[in-house]
Amino acid sequence: MSCRDVRLHLVDHLRGRLSDALDLEVRAHLAGCPACQRAAAVEAALTEALEERLPQYPASVALKRRLAVEWARPSVETDTGEAAPTAWTTAASAGSPAVGAHGRRLRRALLPALAAAIVLLALVPLARLWPGRAGSPAAGPRLVAEVVTDHLRVLASQHPLDVQSGDAHQVRPWFAGRLDFAPAVAFDGDAEFPLRGGALGYVFDRKAAVLVYGHRLHTITLLVFPAAGLEWPQGSPRTVGASAGVATTERGYAVLLWRQGPLAYALVSDVDLATLGRLADRIGGTAS
Amino acid sequence: MAEDAGRAALGREALAYADALHNLARYLTQNDADAEDLVQETYARALRASSRFEPGTNLKAWLFTILRNTFVSLYRKRRGSPVVSGLDTVEPVGLDSADQGWLLDDVELDRLRRVVAEEIAKALGALSEDARTVVLLDLEGLTEGEVAQVMGCAVGTVKSRLARARAALRLALRDYAR
């Protein structure tokens, strides 16, 4: 493999997206080529700069509330039988330069509903509005769906963490008295997977410890909950520590589940399964 | 009733991506008001098309597809410029992306590691809209196949666009670092 070929594959190599055979070829070349090693370092530095330092523009709380209200309303399509154009679409097709007109008109139209939604959102955690909270211990596929939904709650909530800290010695004691079990998590976070904080959650009918880790721009949710009575899902076998686990995907999210004694552990994120596995190994105490 | 429940569930899941969608919208439109309107229109379109979403497929990629199509069909058209070109749209003579932008020594590499947020944002902003989109979708963790779906092009095209965009970023940041 030439230097030129290797450099075309460097990003995929660094992201773990190459086939095993191709990755071996790239690794073999890199081992003996200082110039391509530098190129790999440059790619890694560029990725790090983009992931860690590129300014991020999250949606404002007001926009999220407007979106929630809009989606909760009966749809125009349902009411009229056809999708009516929005003001923005109409303005655009008419050639109007008023880019912000739709937003302003919609804000005025939604003001009463928005006020009600603000009160509702202030009083009731977003998670409580979601279906699937109640329910009995269920079949394996539903367990995967449930933990993914729990992860989405973390992502969607304005205040997903009850205790925000990168210090495990603040986060772990916070659970004492709030759970009827002690979530045994040996990993305190590191540079690759910093601990962001913790919260209380639910998996079906039982309380769960929710620990949130970061990985670059990604959020990784760890749920720890009593395993008794839960049917285990099918998936690719994945050993975590001395425990047998399963790896699977659901709605585009990677999910890794394992049991340790009476407790079940679930890691969920939009990172790939290999990355999730590295974190699992640290949580399970098998990696330094 | 079941349809409404399904739509509501989809909506709640879709809201989890509001930050990611707004981030891309902000980098495409380059101002806050247009970014908010673009995201709002994206959700309005997604809501109308919710019955066509296939459960089990990647909702995030589906929403990004709607956002990009909305941007292309409405924003570019209104602005009267179908495509905004950038640093990455012209292939330098005699070179391609595989040869571009590699730093010459460890000092330059070290400087790249210390470029600040404004410089990275400026370099990204100098790329074409499509290149910016590919870079940001890649950062969001979409696979090349999913990026191809969003962009409406072949996976090979995504690979080459991403390589060219990263080469342009390396070149720009190398200049900043000097």
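Here goes a summary of the coordinates provided. Predicted model, so just to flag it, every value in this text is computed and none were measured.

### Some thoughts on the overall build of chain A
Move 1: A count of helical and extended segments in chain A gives 12 helices and 8 strands.
Move 2: Within chain A, contacts between residues at least 6 apart in sequence are counted, and of these 57% link residues at least 24 apart.

### What to know about the packing of aromatic side chains
Move 1: Going through the model one piece at a time under the given rule, you end up with 6 aromatic pairs over all chains.
Move 2: One residue, A:Arg259, lies across the ring of A:Trp232, its end atom 4.1 Å from the ring centre.
Move 3: Over the ring of A:Tyr57 we find B:Arg26, and its NZ or CZ is 4.3 Å from the ring centre.

### Some words on the environment of A:Asp281
Residues and elements named next belong to chain A.
Move 1: On the secondary structure map, Asp281 appears in helix 12 (residues 273-283).
Move 2: On a C-alpha basis, the gap between Asp281 and Val240 in space is 5.7 Å, while along the polypeptide they are 41 residues apart.
Move 3: At 3.1 Å, the side chain of Asp281 forms a polar contact with the side chain of Arg238.

### Observations regarding the environment of A:Ser269
Residue and element names in this part refer to chain A.
Move 1: Mapping Ser269 onto the fold places it in strand 8 (residues 263-269).
Move 2: What makes Ser269 buried here is its relative accessible area of 0%.
Move 3: Measuring from C-alpha to C-alpha, the distance between Ser269 and Leu155 comes to 10.0 Å, with 114 residues separating the pair along the chain.
Move 4: A polar contact is formed between the side chain of Ser269 and the backbone oxygen of Thr219, at a distance of 2.8 Å.
Move 5: Side chain to side chain, Ser269 and Asp270 meet in a polar contact 3.4 Å long.

### Considerations on the sheet that holds strand 2 (residues 195-203) of chain A
All names here are of chain A.
Move 1: Pairing within the open sheet is antiparallel, and its 8 strands lie in the order 1-2-3-4-8-7-6-5. Unpaired on one side and paired on the other, strand 1 (163-164) and strand 5 (236-240) mark the two borders of the sheet.
Move 2: In the packing of helix 11 (residues 168-175) onto the sheet, contacts are made with strand 1, strand 2 and strand 3 (206-215), and the angle to strand 2 comes to roughly 20°.
Move 3: Sitting on the sheet, helix 12 is in contact with strand 3, strand 4 (218-226), strand 5, strand 6 (243-250), strand 7 (253-260) and strand 8, with an inclination near 25° to strand 7.

### What to know about helix 6 (residues 117-125) of chain B
Residues and elements named next belong to chain B.
Move 1: The complete set of buried residues in helix 6 reads Ile120, Ala121, Ala123 and Leu124. The buried residues of helix 6 all sit within an arc of 160° when viewed along its axis, so they share a single face. Relative to its buried face, helix 6 has exposed residues pointing more than 90 degrees away, namely Glu118 and Lys122.

### Some thoughts on the nonpolar core
Move 1: Judged by nonpolar contacts, the single largest core of 92 residues is most densely connected at A:Leu54, A:Leu143, A:Phe225, B:Tyr43 and B:Val135.
Move 2: No other element matches the 9 residues that helix 4 (residues 59-79) of chain B contributes to this core.
Move 3: Leaving out residues up to four positions away in the same chain, A:Leu143 has contacts with A:Val203, A:Phe204, A:Phe225, A:Leu230, A:Glu231, A:Trp232, A:Pro233 and A:Leu257.
Move 4: Counting 30 residues, the second-largest nonpolar core is a separate cluster that includes A:Trp174, A:Leu179, A:Phe181 and A:Tyr265.

### Quick notes on the packing of helix 3 (residues 20-31) of chain A against helix 4 (residues 34-53) of chain A
All names here are of chain A.
Move 1: Where helix 3 meets helix 4, the axes come as close as 7 Å, and the angle between the chain directions of the two elements is 115°. Side by side, helix 3 and helix 4 meet where His29, Leu30 and Ala31 of the first sit next to Cys36, Gln37 and Ala40 of the second.
Move 2: A per-class count over the contact of helix 3 with helix 4 returns 4 nonpolar, 2 polar and no charged.

### Let's talk about the pairing of strand 4 of chain A
Residue and element names in this part refer to chain A.
Move 1: Judged by how many residues are buried, strand 4 sits mostly within the fold: 8 of 9 residues are covered.
Move 2: Of the strand pairs in this sheet, strand 3 and strand 4 are connected by 7 bridges, and their pairing is antiparallel. From the neighbouring strand, Leu211 faces strand 4, where its bridge partner is Leu222.
Move 3: In this antiparallel pair of consecutive strands, strand 3 and strand 4, the connection spans 2 residues, and Arg216 shows a positive phi of 55°.
Move 4: As paired elements, strand 4 and strand 8 share 6 bridges and run antiparallel to each other. Looking across to strand 8, one finds that Thr221 is bridged to Val268.

### A short note on the pattern of salt bridges
Move 1: On inspection of all chains with the given rule, the structure shows 26 salt bridges over all chains.
Move 2: B:Lys159 is paired through a salt bridge with A:Asp12; the nearest N and O atoms lie 3.0 Å apart. With B:Lys159 in helix 9 (residues 155-177) and A:Asp12 in helix 2 (residues 10-15), the pair connects residues from two separate chains.
Move 3: Look at B:Lys159 and you get partly exposed, because its relative accessible area is 37%.
Move 4: Classification of A:Asp12 by relative accessible area gives buried; the value is 6%.
Move 5: The salt bridge involving B:Arg68 is made with B:Asp130; its shortest N-O contact spans 3.1 Å. Pair noted here: B:Arg68 is in helix 4 and B:Asp130 is in helix 7 (residues 129-139), with a separation of 62 residues, a long-range link. Across the pair, B:Asp130 and B:Arg68 agree in class, each one buried.
Move 6: What emerges from the salt-bridge pattern is a single network uniting A:Asp12, A:Arg15, A:Arg17, B:Asp138, B:Glu144 and B:Lys159.

### As for the packing of helix 2 (residues 18-29) of chain B against helix 7 of chain B
All names here are of chain B.
Move 1: Where helix 2 meets helix 7, the closest approach of the two axes is 10 Å, and the angle between their N-to-C directions is 160°. On the basis of their axis angle, the class for helix 2 and helix 7 is roughly antiparallel. Taken as a pair, helix 2 and helix 7 cross one another with a handedness that is right-handed. Two secondary-structure elements touch here, helix 2 through Asn23, Leu24, Tyr27 and Leu28 and helix 7 through Glu129, Arg132, Thr133, Leu136 and Leu137.
Move 2: A breakdown of the residues in the contact of helix 2 with helix 7 according to their chemical character gives 5 nonpolar, 2 polar and 2 charged.

### A word on the side chain of A:Glu51
Move 1: Position of A:Glu51 among the secondary structure elements: in helix 4.
Move 2: Among the residues examined, A:Glu51 registers a relative accessible area of 6% and is labelled buried.

Conventions used here
Residues numbered from 1 in each chain as written. Chains lettered and ligands numbered in written order. Predicted model: local features only at pLDDT ≥ 70, side-chain atom pairs only at ≥ 80, totals over all residues. Heavy atoms only, no water. Helix = DSSP H or I, 4+ residues; strand = E, 2+ residues; numbered from the N terminus. Contact = heavy atoms within 4.5 Å. Phe/Tyr/Trp six-rings, centres within 6.5 Å; stacked < 30°, edge-to-face > 60°. Lys NZ or Arg CZ within 6 Å of the ring centre and 35° of its normal. Polar contact = N/O pair within 3.5 Å; in protein donor to acceptor, adjacent residues only side chain to side chain. Buried < 20%, exposed > 50% of the residue type's maximum accessible area, 1.4 Å probe, protein only. Pairing = 2+ DSSP bridges. Axes fitted to C-alpha atoms, helices over the stretch in contact; angles between N-to-C directions. Arc of directions from axis to C-beta. Core = buried A, V, L, I, M, F, W, Y, C linked by side-chain atoms within 4.5 Å. Nonpolar A, V, L, I, M, F, W, Y, C, P; charged D, E, K, R; others polar. Salt bridge = Lys/Arg side-chain N within 4 Å of Asp/Glu carboxyl O. Parallel < 35°, antiparallel > 145°, perpendicular 65-115°, else oblique. Left-handed = near helix turned anticlockwise from the far one by under 90°.

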